[in-house]
Amino acid sequence: MAFTYAEPTIRLDIDGIPTTYLLATPDSGSGVERPVPYGLVYDLRVHMAYVLAQQGHRASWIASNLDLPRGAARRIVALARPTPAPRPLADRAFGNHY
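In short, a report on the structure. (Residues numbered from 1 in each chain as written. Predicted model: local features only at pLDDT ≥ 70, side-chain atom pairs only at ≥ 80, totals over all residues. Heavy atoms only, no water.)

Relative to the assigned elements, Asp43 resides in the loop between strand E3 (40-42) and helix H1 (44-54). A polar contact of 3.1 Å, which involves the side chain of Asp43, links it to the backbone nitrogen of Arg45. (Helix = DSSP H or I, 4+ residues; strand = E, 2+ residues; numbered from the N terminus. Polar contact = N/O pair within 3.5 Å; in protein donor to acceptor, adjacent residues only side chain to side chain.)

Attention now moves to the packing of H1 against helix H3 (residues 70-80). One can describe the packing of H1 onto H3 by two numbers: an axis separation of 8 Å at closest approach and a directional angle of 50°. One element, H1, and the other, H3, form an angle in the oblique class. The way H1 lies across H3 gives a crossing that is right-handed. Between H1 and H3, the residues in contact are Val46, Ala49, Tyr50, Ala53 and Gln54 and Ile76, Val77, Leu79 and Ala80, respectively. In the contact of H1 with H3, the residues fall into eight nonpolar, one polar and no charged. (Axes fitted to C-alpha atoms, helices over the stretch in contact; angles between N-to-C directions. Parallel < 35°, antiparallel > 145°, perpendicular 65-115°, else oblique. Left-handed = near helix turned anticlockwise from the far one by under 90°. Contact = heavy atoms within 4.5 Å. Nonpolar A, V, L, I, M, F, W, Y, C, P; charged D, E, K, R; others polar.)

Next up on the list: unusual backbone geometry. You will see that Asp67, though not glycine, has its phi angle at about 55°, which is positive. One can find Asp67 in the loop between helix H2 (59-66) and H3. The exposure class of Asp67 is exposed, given its relative accessible area of 61%. (Buried < 20%, exposed > 50% of the residue type's maximum accessible area, 1.4 Å probe, protein only.)

Before going further, it helps to examine the pairing of strand E1 (residues 9-13). Where burial is concerned, the two faces of E1 differ: the one with Ile10 and Leu12 is buried and the one with Thr9, Arg11 and Asp13 is not. Sheet analysis places E1 next to strand E2 (residues 18-22), joined by five bridges and oriented antiparallel. Bridge pairing in E2 places Ile10 opposite Tyr21. Hairpin geometry of E1 and E2 is characterised by an intervening segment of four residues between the two adjacent antiparallel strands and by a positive phi of about 90° at Gly16. (Pairing = 2+ DSSP bridges.)

For the rest of this paragraph, the subject is the sheet that holds E2. Taken in spatial order, the three strands line up as E1-E2-E3 in an open sheet, and their pairing is mixed. Whereas interior strands pair on both sides, the edge strands pair on one side only; in this sheet they are E1 and E3. When strand polarity is set aside, the average angle formed by the axes of neighbouring strands in this sheet is 45°. Relative to E3, E2 is paired through three bridges, and the arrangement is parallel. Bridging across to E3, Thr20 finds its partner in Leu40.

What follows is the structure, encoded as C-alpha cells:
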C-alpha cells in the first residue's frame, strides 16, 4: 500500500540532497500541530517561498530574499502559479480586457 499525503509537496535539491518538502504548515488549522509524515520535511523557507509565489513574487526575488537556489525558487513558482487557461476567442476578438 502506497502512502499518499493530501497536502501539496515538492521535491527539491536545496542542500545537495534531493528531499520532498511539505508546502503547507503541519498544523490542522486549529492550532494543533500534526506530525510531519515520514519522508517529508517542513522547511519554513520553502513554505514562505510557496506563499510568496502565490502572491505574485518572482523567482529571482524569492531566491535572493529567502536564501534559496534559483532553480528551487523557479520550481516553487511554477507549482504555485500554474499557467492560466487561454481566454475565449470572442473575448480576444472584441478586445475585452478583464
